[in-house]
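Each chain is listed here by its residues.
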Amino acid sequence: MSNLGVCLSARFECVGEPQDLEESISLGQLANALTPDDSPDKHSRLCNLAVSLFSRFEREGRAEDLEEAIELDTRAVELVPNGHVSKPMLLSNLGSSLARQFERSGSANNLEKAIELLTHAVELTPEDDPDKPMWLMNLGTSHEQRFERLGNLEDLERAIALQSRSVDLTPDGHPDKPMYLSNAGSSLQTRFLRLGDFADLGRAIVLQARAVELTSDGHPDKPALLNNLAIFLQGRYLRTRDAKDLEEAIAHQFRAVELTPDGHPDKPTWLNNLGAQLHSRFKQSGNLDDLDQAITHYTAALTLTPEGHPDKSSWLCNLSHSLEERFERVGNVSDLEEAIKCSTRPVELTPENHTQRAQNLRFLGLRFFTRLRSPHAHADDASRAMEAFLEAMQHPTSHPLERLRASGLYARLLTEFSHLLTTPPRLSLLEAWRHAISLVPQCIWLGNNVRGRYTSLSEELSDVRIAVNYAATAAIAAGEYDLALEWLETGRAVVWSQVLQLRTPLDDLHRIHPQLAERLQHVSQALQLAASSSLPVSIETQLPSSSHDIQAPSSHGYALEYDKLVSTIRELEGFEDFMQPKTLSQLAGACRSGPVVVINVHKSRCDALVLCRVGDVIHIPLPELSLDRAMGIQEYLWDLLRAKRLLNRCRGDMQDENDDRGGRVTAMDPPDMMRVILADLWNRVVKPIMDVVCTLEPPSTTLPHVTWCPTGPLVFLPLHAAGIYPSDDRISAPSQTIMDLAVSSYTPTLEALLKPRARVTPAGQDPRVLIVSQPDTPGGNPIPGTTTEAAIVMSLVGESKPLDDADGTIQAVLEGMATHEWVHLACHGIQNCMDPMSSAFLLYDGQLTLADLMSHHLPNADLAVLSACQTATGDEKLSEEAVHLAAGMLNIGYKSVVGTMWSISDYVAPDVMKVFYTVMAEQVRAGGELQPAYALHEAIKVLRRSSGRGVMNDFLRWVPFVHFGL
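Residues numbered from 1 in each chain as written. Predicted model: local features only at pLDDT ≥ 70, side-chain atom pairs only at ≥ 80, totals over all residues. Heavy atoms only, no water.

The chain carries the name CHAT domain-containing protein in an unreviewed UniProt entry, which gives Irpex rosettiformis as its organism.

This is the structure we're talking about:
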């Protein structure tokens, strides 16, 4: 009977016939009833029945089946002594069941016990045992689960090592090889989501593709493997926008659907995911046939999905979104009406305390918003949208990002349609934006222990940027300039502030109140996992088949505990502002060296907010500037730089000082193009600001110091060089430029200027200077000018340590930075647009990346001179985050940083550095506060006027040099 039950269970796994599984369980129960406890076969019959019960749990989600399987596995383990050949298998089965129980209950004890049992199973099994790969895989899966719970990277690295070992021990012909490959790929994808290394995603895709290749079309696991491969490829497409990845994803997903019969429980998931991929292709190509097919497949998925299925609500939302988009393209009002019905149902299905409720309410509000803007508006659409957005933004158990999105929509509804509301709004416009801004720290920080890198936070950062931009614009329009400045600061460089310094709010709490910190970390991650979107779904990440009613109380409890913990922490000394945005009074010290100009660029208006020495905020409207115009100037500049190959070009590529390689982008010569760009910036942005700023500073023989903190497309534009420049150097017409009126610096945030500018060496004593030069770095073009440059710097500074050529290794440079106040890096610089955290200095033995720098904090650091290319370029998608090497140096402790906005000539850099260090040496001898911004200003003036090195207006050579910080 037991053997027949095993065969029926095996046939169920191959064919999927539920009756086979039911008969297997009945036979197993009867066999166990007839077998006494002292029988030598008792443990195997307990094990066989447990396997069948576990299979039924996976199919139907019956909690009692999993509990009985655990009980039977436990008895089986107890019956078998150590050394018995079956002991590892029984330990592994029990461990796997406990790990699955952890997924349902969240009990840490179950997971820890599972890892202990699975580790024992691996230890008891010799390397050549055919079951060893299975035990390794199970243990790896449990370590990955613990990583997802606690965020400890050691668990994830351990999981990858174990999964990889299971692959290595298994020959290609083994029937379990595809499963091991798939699980190893999933672990690598998890690490990609955490660390953002594209190599991990590429390797995950290779492993998943190999698993698919080794699996025949008739194998029951083939559709799931195809689905996972499609998900990985779609994930890469969403980051690279390579259409080939999306085409392959769609092809694999189609095949998964074709191979799965209608009665199979996974068929709706495959159909939904196919709909999502077709919808992505519609967004990319605009082909209406793709949208029609997406709607067809979403509808088919819902038709096959029973009521009470945990994914039904999210799939209804997918269908609703696609119907709405088809209405906007085609104009058929029946699509919009059906979209509203599809969005109404998820709200009805979702309990009050469910973590997805805010998202479902937001979607419903958006459907009403769409109808409100159409010719088919109903009288109560504005009020119904407002009610949905209001409930969503105030929903306590949903992810803060969903609540922030809803807050923004509520505010935008008030801005556009307050006159159509049938009931008075419960929150004013500024109250709504205030609520949104209060959520910003939680939106990024809540999940960064699991994902935590720019590649995986781009969606959150984009939403934060948009919300802050709208909020600040509303505050400016209302005359609340102080509030606008506070809000703009809240939305800038969020990740720098909370992740890259390794001094997140939680880290400070860990140091002083470790138990509170650990509990908050656990609760935060529980909420993050509960609130994560399930679309699209890979088989390793599907939620168990539980109802909303099972999930809701747990998430509600976590939400209440989170709020209580945060309140408790804010009552502690030193933590009164825990997870709170900074106020103007806290930011006022940023302008101690001169006014700070924050510029907000919005589609409705553009404004400058000037923070003055006395702490006042002065508003300067910029009526001649628009978002479209700013984006146009940015693109105009980048077209020029691309044509001159100065954006993705390393120092030293421009070997000749007069190198004029690269095509022409317009009929104008490059100097004329730059002249137009700089004049446009002067007339539309800088001059209106300086007309006011010049009245704020007391008369002095020294030029005032102005620090620029722009937003949006202005982040990438050379405000420090704006002006009207004569078209012919021989003409004596006076110029009107910012350089004639002020010394300019930049800052990624106001907070970056709050660091004390205390000298780290006594007056008159030379600072210790680390000088790194890389004239012939392996893998890079030769840049012989760095040798000359290093010699110039050494001749002008006192105590210095050179690291030339082979001496300039990553370890040597990092160690030198820890013991020297100044660092000079003359080398190649690389801006990685695909993965900004991989932007790097190219040293002799490899790349010193932003990711490497972020793990160091140098409290004695003072000045960093980055004589490399593109060290202050940043990333277009993350403009408010200042993801570049110069900002990275600020955030690891340097008070002042000199960098470049685009590639520089190997011939120009030594000339600039000679003047710069000459002025810095004079400042050191004079004592007092060092002013690197003034030294760079003087160096650029000399470069502009120098003969034999191009004419004064050879903008591409002198404009890229910029100063950041104090």
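Don't stop here, the text continues.
With that out of the way, let us pick up empty space enclosed by the protein. Tallied over the entire structure, the rule returns seven cavities of 30 Å³ or more. There is about 150 Å³ of room inside the second largest cavity. Surrounding the second largest cavity, 14 residues form its lining, His720, Met739, Ser744, His937 and Phe961 being those nearest its centre. Within the residue set of the lining of the second largest cavity, elements represented by two or more residues are strand E7 (743-746), helix H37 (932-945) and strand E16 (961-965). Residue composition of the lining of the second largest cavity, by class: ten nonpolar, four polar and no charged. (1 Å grid on protein atoms, 1.4 Å probe; cavity = no way out; pocket = protein on both sides within 12 Å on 5 of 7 lines; lining within 4 Å. Points joined across faces, edges and corners; volume = space filled by probe spheres on them. Helix = DSSP H or I, 4+ residues; strand = E, 2+ residues; numbered from the N terminus. Nonpolar A, V, L, I, M, F, W, Y, C, P; charged D, E, K, R; others polar.)

Moving on, we get to the sheet that holds strand E11 (residues 828-830). Here three strands make up an open sheet; going across it, the order is E11-E12-E13 and the pairing antiparallel. The strands lining the two open edges of the sheet, one partner per strand, are E11 and strand E13 (846-849). Strand-to-strand, the axes of this sheet are offset by a mean angle of 35 degrees, without reference to chain direction. Where E11 lies against strand E12 (residues 840-843), three bridges are found, and the strand directions are antiparallel. Paired with Ile830 across the bridge in E12 is Ala840. Along the sheet face, helix H33 (residues 810-819) touches E12 and E13 and points at about 35 degrees away from the line of E13. (Pairing = 2+ DSSP bridges. Axes fitted to C-alpha atoms, helices over the stretch in contact; angles between N-to-C directions. Contact = heavy atoms within 4.5 Å.)

Further remarks concern helix H4 (residues 63-79). With 17 residues, H4 extends 25 Å between its outermost C-alpha atoms, agreeing within 8% with the 24 Å of an ideal straight helix rising 1.5 Å per residue. Three or more residues of H4 are buried, namely Asp65, Leu66, Ala69, Ile70, Leu72, Asp73, Ala76 and Val77. Structurally, H4 contributes buried residues whose contacts are with helix H3 (42-60) and helix H5 (87-105). (Expected span 1.5 Å × (residues − 1). Buried < 20%, exposed > 50% of the residue type's maximum accessible area, 1.4 Å probe, protein only.)

In this model, the chain carries a mean pLDDT of 83, and residues with pLDDT of at least 70 account for 85%. With pLDDT under 50 throughout, residues 531-554 is counted as low confidence; its partners more than four residues away or in other chains account for 54 contacts. The model gives residues 649-668 a pLDDT under 50, and that stretch makes 69 contacts with residues more than four places away or in other chains. (pLDDT = per-residue confidence, 0-100.)

Look at helix H9 (residues 177-195) against helix H11 (residues 222-240): their axes get within 11 Å of each other, and the N-to-C directions meet at 25 degrees. It follows that H9 is roughly parallel to H11 by the angle criterion. Two packed elements cross with a definite hand, and for H9 against H11 that hand is left-handed. Facing Pro178, Ser182, Gly185, Ser186, Gln189, Phe192 and Leu193 of H9, the residues of H11 in contact are Leu225, Asn228, Phe232 and Arg239. Taken together, the residues of the contact of H9 with H11 break down into five nonpolar, five polar and one charged. (Parallel < 35°, antiparallel > 145°, perpendicular 65-115°, else oblique. Left-handed = near helix turned anticlockwise from the far one by under 90°.)

For the rest of this paragraph, the subject is the environment of Asp335. When you line up the elements, Asp335 lands in helix H16 (residues 333-349). We classify Asp335 as buried; its relative accessible area is 8%. For the pair formed by Asp335 and Ser320, sequence separation is 15 residues and the distance between their alpha carbons is 8.8 Å. Residues within four places of Asp335 in sequence aside, it is in contact with Leu323, Arg326 and Phe327. At 2.9 Å, the side chain of Asp335 forms a polar contact with the side chain of Arg326. (Polar contact = N/O pair within 3.5 Å; in protein donor to acceptor, adjacent residues only side chain to side chain.)

Let's shift gears to the nonpolar core. One finds Ile599, Trp708, Met817 and Met889 to be the most contacted residues of the largest nonpolar core, which totals 104 residues. Counting residues per element, this core draws most heavily on helix H30 (residues 670-696), at eleven residues. With residues near it in sequence (within four places) discarded, Met817 still touches Leu770, Val823, Leu853, Leu858, Met889, Ile892 and Tyr894. Residues Phe417, Leu439, Ala472 and Leu587 belong to the second largest nonpolar core, which totals 63 residues. (Core = buried A, V, L, I, M, F, W, Y, C linked by side-chain atoms within 4.5 Å.)

With that settled, consider the packing of aromatic side chains. Within this structure, the stated rule accounts for twelve aromatic pairs. Both rings, one in Phe54 and one in Phe57, keep their centres 6.2 Å apart while their planes meet at 50 degrees; by these two values the pair is tilted. One end of the pair, Phe54, and the other, Phe57, are both in helix H3, three residues apart, so they sit about a helical turn from each other. Classification of Phe54 by relative accessible area gives partly exposed; the value is 21%. Between Tyr725 and Phe955, the aromatic rings sit 5.2 Å apart at their centres with planes inclined by 70 degrees, giving edge-to-face as the arrangement. Remark: Phe955 occurs in helix H38 (residues 955-958) and Tyr725 occurs in the loop between strand E5 (723-724) and strand E6 (736-737); sequence separation between them is 230 residues. Each of the two residues, Tyr725 as well as Phe955, counts as buried. Each member of the aromatic cluster is reached from another via a ring pair, and the members are Phe369, Phe389 and Phe417. Sitting over the ring of Phe369, Arg373 keeps its end group 4.1 Å from the ring centre. The ring of Trp958 has Arg944 lying over it, and the distance from NZ or CZ to the ring centre is 4.9 Å. (Phe/Tyr/Trp six-rings, centres within 6.5 Å; stacked < 30°, edge-to-face > 60°. Lys NZ or Arg CZ within 6 Å of the ring centre and 35° of its normal.)

Burial within strand E15 (residues 896-900) is extensive, with five of its five residues counted as buried. Side-chain alternation along E15 places Ser896, Val898 and Thr900 on one buried face and Val897 and Gly899 on a second face that is also buried. As paired strands, strand E14 (residues 863-867) and E15 are joined by three bridges and run parallel to one another. Residue pairing across strands places Ala864 opposite Val897, the latter belonging to E15. Pairing geometry for E15 and E16, over five bridges, is antiparallel. Bridge pairing links Thr900 to Phe961 in E16.

To continue, consider helix H6 (residues 108-123). For H6, built from 16 residues, the straight-helix expectation of 22 Å at 1.5 Å per residue is met to within 8% by its first-to-last C-alpha distance of 23 Å. Buried within H6 are the following residues: Asn110, Leu111, Ala114, Ile115, Leu117, Leu118, Ala121 and Val122.

Within the structure shown, the criterion is met by 49 salt bridges. The residue Asp262 makes a salt bridge to Lys267 at a minimum N-O spacing of 2.9 Å. With relative accessibility at 7%, the residue Lys267 sits in the buried group. Look at the salt bridges and you will find they share partners, linking Asp172, Lys177, Arg210 and Glu213 into a network. (Salt bridge = Lys/Arg side-chain N within 4 Å of Asp/Glu carboxyl O.)

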